[in-house]
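Structural overview
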Amino acid sequence: VDESVREDMRKLEDTFPGISDRFRLVNRIGEGTFSTVYKAEDLHYDAHQNDWDISTSAQDNYTEPPSKRRRVQGEPTGRKKTKFVALKKIYVTSSPLRIQNELELLHDLRGCGSVCPLITAFRYQDQVVAVLPYFPHTDFRIQYRTFMVADMRHYLRSLMTALNSVHEHDILHRDIKPTNFLYNPDLKEGVLVDFGLAERQGSEYSSPCLCTHQSYVRRSRILSSYYSKNPPSTGFSAGYPKNDSRPSRRANRAGTRGFRAPEVLFKCTSQTTKIDMWSVGVILLTLLGRRFPFFNSADDIDAMIEMSSIFGTRRMKTAAAMHGQIFETNIPTIGEKGYSWEKLVKWSSCVEDLTESEQQATRLLSGLMELDPSKRLSAADALQHEFFTDPVH
Ligand code: ADP
Ligand code: MG
């Protein structure tokens with residue numbers, strides 16, 4: 001272990017009273033925008049006592065209100081206790097609401113086997129540390145190159161199964177990407193982590209989007225419009241309206257660049273669990289196209305340009321209209337028609353022809369990367385796709 005990592009771990013042990021009585025920090029395993037994650041040995045681990053005992057570890061500094069705590073007590077989780085845990089130190093700059101949200105949703109999802117459970121959480125002053133079972137996994141950036149179609153199938157089946165149970169709880173994860181799905185190729189199973197951006201469906205604060213109305217295409221009420229940007233290299237003046245006095249629309253745009261669904265970019269205010277399915281599509285595209293990251297946009301407008309070079313302007317205009325937006329672009333390389341997924345996968349992976357199983361995966365891809373969320377496959381639909389039920393070899 002690196003000396004600077006050691007120093008960082010010592011700092012946590014020193015500033016967080018009691019933590020070193022319970023855990024021995026082993027390594028730092030993740031560093032994100034909102035947290036640092038450490039692997040630690042649980043010093044209270046007892047091999048003979050197999051279930052997670054939430055009630056005894058939920059001491060006074062457990063962040064959940066006592067009413068909820070009582071409900072947890074005595075509920076066997078059926079999960080095997082492990083020697084190692086992941087300690088997720090949530091940055092003090094994270095809003096308390098965000099932290100509470102993550103802990104609450106994980107509590108709701110505690111029965112889902114494919115969601116990494118929360119064992120307990122500790123708070124000291126403004127610091128919060130969540131304790132999760134340690135889940136051995138491999139780094140996606142290393143494994144995706146070696147994946148055969150059969151491996152993709154195992155990976156996706158596990159991810160879809162996890163999402164299916166999250167979506168059954170009407171919860172949107174909002175940040176589906178490889179680093180938030182810890183996949184173990186030996187077990188052919190993974191768990192979802194990082195519910196920091198997750199939300200309950202329908203918790204949006206603004207009025208419903210046009211896409212929830214049947215007649216959205218005919219309705220011409222324009223709430224705001226997008227102007228696409230010229231690529232900087234051409235030296236054209238950027239096409240943003242300067243003094244735009246129209247009211248801007250507020251919609252949740254949380255997520256990770258490159259994985260955001262079109263309706264998120266179009267500021268749809270009635271986002272559903274389908275936004276996660278788009279992100280799964282992006283992961284499948286990465287696997288089939290053998291490129292990571294597949295999309296590499298600097299901002300939402302760049303992301304829209306990337307999307308429109310695939311879908312073409314005609315379909316992008318229809319998608320925009322669905323959410324009460326207008327899509328316009330004068331970038332000469334963006335065609336009207338766009339390209340088929342099969343063509344894109346071939347280009348990206350530099351192959352002449354796709355095998356039958358790759359074609360099957362590509363058909364699933366087109367069901368996931370569907371611009372219209374109401375036509376996009378749900379996790380339950382996807383699990384019934386021929387790619388899983390009738391695999392060709
Ligand atoms: P952030 O909000 O900072 O993205 P995450 O919950 O996504 O935090 O965790 C960041 C990284 O830490 C993950 O990508 C993963 O590598 C590692 N990690 C998180 N939870 C676990 C766990 N339970 N077991 C093993 N590694 C984990
Ligand atoms: Mg994360």
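Refer to the structure printed above.
Here is a short report on the structure shown in this document. (Residues numbered from 1 in each chain as written. Chains lettered and ligands numbered in written order. Predicted model: local features only at pLDDT ≥ 70, side-chain atom pairs only at ≥ 80, totals over all residues. Heavy atoms only, no water.)

1. Some details on the nonpolar core
Counting residues in each nonpolar core, the largest one holds 82 residues, and the members touching the most others are Tyr155, Met160, Leu192 and Leu364. Counting residues per element, this core draws most heavily on helix α9 (residues 274–289), at 10 residues. Grouped together as the second largest cluster of nonpolar side chains are 15 residues, Phe16, Ile19, Ala40 and Phe122 included. (Core = buried A, V, L, I, M, F, W, Y, C linked by side-chain atoms within 4.5 Å. Buried < 20%, exposed > 50% of the residue type's maximum accessible area, 1.4 Å probe, protein only. Helix = DSSP H or I, 4+ residues; strand = E, 2+ residues; numbered from the N terminus.)

2. Structural notes on the sheet that holds strand β4 (residues 120–124)
Pairing is antiparallel across the open sheet formed by five strands, whose spatial order is β1-β2-β3-β5-β4. The open sheet has two free edges, formed respectively by β1 (23–31) and β4, since each of these has just one partner strand. Taken pair by pair, the neighbouring strands of this sheet meet at an average axis angle of 25°, ignoring direction. Two strands pair when backbone bridges link them, and strand β2 (residues 35–42) and strand β3 (residues 84–90) are joined in this way by seven bridges, in the antiparallel orientation. Opposite Val37, over in β3, you have Lys88 as the bridge partner. (Pairing = 2+ DSSP bridges. Axes fitted to C-alpha atoms, helices over the stretch in contact; angles between N-to-C directions.)

3. A word on the coordination of the magnesium ion (ligand 2)
For the magnesium ion (ligand 2), the full set of protein donor atoms is Asn180 (OD1) and Asp194 (OD), at a range of 2.2 Å. Linking Asn180 in the loop between β6 (171–172) and β7 (181–184) with Asp194 in the loop between β8 (189–192) and β9 (199–200), this pair joins segments that are 14 residues apart in sequence. (Donors = N, O, S within 2.8 Å, 3.2 Å for Na, K, Ca; no water.)

4. As for the pattern of salt bridges
By the definition in use, this model includes 19 salt bridges. Note that Arg376 and Glu263 form a salt bridge whose closest N and O atoms lie 2.9 Å from each other. Of this pair, Arg376 sits in the loop between α12 (356–368) and α13 (379–383) while Glu263 is found in helix α8 (residues 262–265), placing the two residues 113 residues apart along the sequence. Judged by its relative accessible area of 1%, Glu263 falls in the buried class. (Salt bridge = Lys/Arg side-chain N within 4 Å of Asp/Glu carboxyl O.)

5. A word on the side chain of His173
Mapped onto the fold, His173 is located in the loop between β6 and β7. A polar contact is formed between the side chain of His173 and the backbone nitrogen of Asp175, at a distance of 3.0 Å. When residues no more than four places from it in sequence are discounted, the contact partners of His173 are Asn180, Val193, Asp194, Phe195, Leu197, Ala198 and Asp276. (Polar contact = N/O pair within 3.5 Å; in protein donor to acceptor, adjacent residues only side chain to side chain. Contact = heavy atoms within 4.5 Å.)

Such coordinate-based values are descriptive only and should not be taken to indicate function.
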